[in-house]
Amino acid sequence: FLLGACGQSKKEETTVATTTATPTTATPTTVYTLEDAKKAVFEISDRVGTITMTFYYKDDVLLKQESVENYTLSKIDADNPLELLKNSSAEDEQKYKDLIGKGFEYKSEHNDDIFTVTYSFDYTKIDMKKLKEIEPNLRLTDDNTVSYSDFRDKLLKAGYVEK
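Below is a short write-up of the structure. (Residues numbered from 1 in each chain as written. Predicted model: local features only at pLDDT ≥ 70, side-chain atom pairs only at ≥ 80, totals over all residues. Heavy atoms only, no water.)

## A closer look at the overall build of the protein chain
(1) Moving on: Secondary structure summary: the protein chain contains four helices and seven strands in total.
(2) Moving on: Each of the 163 residues in the protein chain was classed as buried or not, and the buried ones make up 44%.
(3) Moving on: Accessible area of the protein chain: about 8,500 Å², with a carbon and sulfur share of 45%. (Helix = DSSP H or I, 4+ residues; strand = E, 2+ residues; numbered from the N terminus. Buried < 20%, exposed > 50% of the residue type's maximum accessible area, 1.4 Å probe, protein only. Areas by Shrake-Rupley, 256 points an atom, 1.4 Å probe, with all protein chains shown as cover.)

So, in structure tokens, the structure goes:
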């Protein structure tokens, strides 16, 4: 969420899921659970911080995304990086407020020189139609799910490394 505030483009993270179908229902039409899901971890770093994204998927369906963003305040070129990150975090929380507790969780915290943002999307619980309204560039498959392989490919092209 905060990459734009720190000199990178957040667009890459919020628009990485790409397929071509348009959603027709608010929930996936195929039922998936996190049981037996495979796990993949991706990471990207620059001089101001590190983003680690953990994905749970089954077949080619992305079931859950957990992200941890750690920023080193003293390395951010801004007059008041803590205020900048707090404001950006508050904007993100406001943007997704209707989904919090309904498949989306969000938390930010500050400890010494580190500002951390953690969030997760549980695509098995979230209202995909509402998420699509918030993230219009999110493309869903015919069964109203997110393609893991497409998401993965976009992350790799954006510079993320699979761990």
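## Some remarks on the packing of aromatic side chains
Here the distance between the centres and the angle between the planes together describe a pair of aromatic rings.
(1) Moving on: Under the counting rule described, the total for this entry stands at 11 aromatic pairs.
(2) Moving on: Ring plane angle 5 degrees and centroid distance 5.9 Å describe the contact between Phe121 and Tyr123, whose orientation is recorded as stacked.
(3) Moving on: A relative accessible area of 6% places Phe121 in the buried class.
(4) Moving on: One aromatic cluster in this structure is built from Tyr96, Phe104, Tyr106, Tyr119, Phe121 and Tyr123. (Phe/Tyr/Trp six-rings, centres within 6.5 Å; stacked < 30°, edge-to-face > 60°.)

## Details of helix H2 (residues 81-95)
(1) Moving on: Under the 1.5 Å per step criterion, the end-to-end length of H2 is 21 Å for 15 residues, consistent within 8% with the ideal 21 Å.
(2) Moving on: Of the surrounding elements, those touching the buried residues of H2 are strand E3 (61-72), strand E4 (104-111) and strand E5 (114-122). (Expected span 1.5 Å × (residues − 1). Contact = heavy atoms within 4.5 Å.)

## Things to note about the nonpolar core
(1) Moving on: Residues Tyr123 and Leu131 are the most contacted members of the largest nonpolar core, which totals 34 residues.
(2) Moving on: Where this core is concerned, the elements lending two or more residues are strand E1 (38-46), strand E2 (49-58), E3, E4, E5, helix H3 (128-134) and helix H4 (148-157). (Core = buried A, V, L, I, M, F, W, Y, C linked by side-chain atoms within 4.5 Å.)

## A word on the pattern of salt bridges
(1) Moving on: Going through the model one piece at a time under the given rule, you end up with eight salt bridges.
(2) Moving on: Of the charged contacts, one joins Lys163 and Glu43 as a salt bridge, the two residues approaching to 3.6 Å between their closest N and O atoms. A residue pair is termed long-range when its members are at least 10 positions apart, and Lys163 in the segment after strand E7 (161-162) and Glu43 in strand E1 qualify at 120 residues.
(3) Moving on: For Glu43, a relative accessible area of 23% gives the class partly exposed.
(4) Moving on: Between Lys125 and Asp122 there is a salt bridge, and its shortest N-O distance comes to 3.9 Å.
(5) Moving on: The exposure class of Lys125 is exposed, given its relative accessible area of 61%.
(6) Moving on: The exposure class assigned to Asp122 is buried, which follows from its relative accessible area of 8%.
(7) Moving on: Within the structure, one salt-bridge network assembled from shared partners comprises Arg152, Asp153 and Glu162. (Salt bridge = Lys/Arg side-chain N within 4 Å of Asp/Glu carboxyl O.)

## Digging into the environment of Asp60
(1) Moving on: Along the chain, Asp60 turns up in the loop between E2 and E3.
(2) Moving on: When its relative accessible area of 33% is taken as the criterion, Asp60 is described as partly exposed.
(3) Moving on: Here the alpha-carbon distance between Asp60 and Asp150, two residues 90 residues apart in the chain, equals 8.8 Å.
(4) Moving on: Apart from residues lying up to four places away in sequence, Asp60 is in contact with Val146, Ser147, Tyr148 and Ser149.
(5) Moving on: At 2.8 Å, the side chain of Asp60 and the side chain of Ser147 are in polar contact. (Polar contact = N/O pair within 3.5 Å; in protein donor to acceptor, adjacent residues only side chain to side chain.)

## Here's the deal with the side chain of Thr116
(1) Moving on: Summarising the element assignment, Thr116 is placed in strand E5.
(2) Moving on: For Thr116, a relative accessible area of 12% gives the class buried.
(3) Moving on: A polar contact of 2.6 Å, which involves the side chain of Thr116, links it to the side chain of Asn70.
(4) Moving on: The residues contacting Thr116, other than those within four sequence positions of it, are Val68, Glu69, Asn70, Lys107, Ser108 and Glu109.

## Thoughts on unusual backbone geometry
(1) Moving on: One non-glycine residue with positive phi stands out, namely Asp36, at about 65 degrees.
(2) Moving on: Secondary-structure assignment places Asp36 in the loop between helix H1 (11-14) and E1.
(3) Moving on: Of note, Asn144 is a non-glycine position whose phi angle comes to about 65 degrees, a positive value.
(4) Moving on: Along the chain, Asn144 falls in the loop between H3 and strand E6 (146-147).

Limitation: the analysis is restricted to geometry and does not speak to function.
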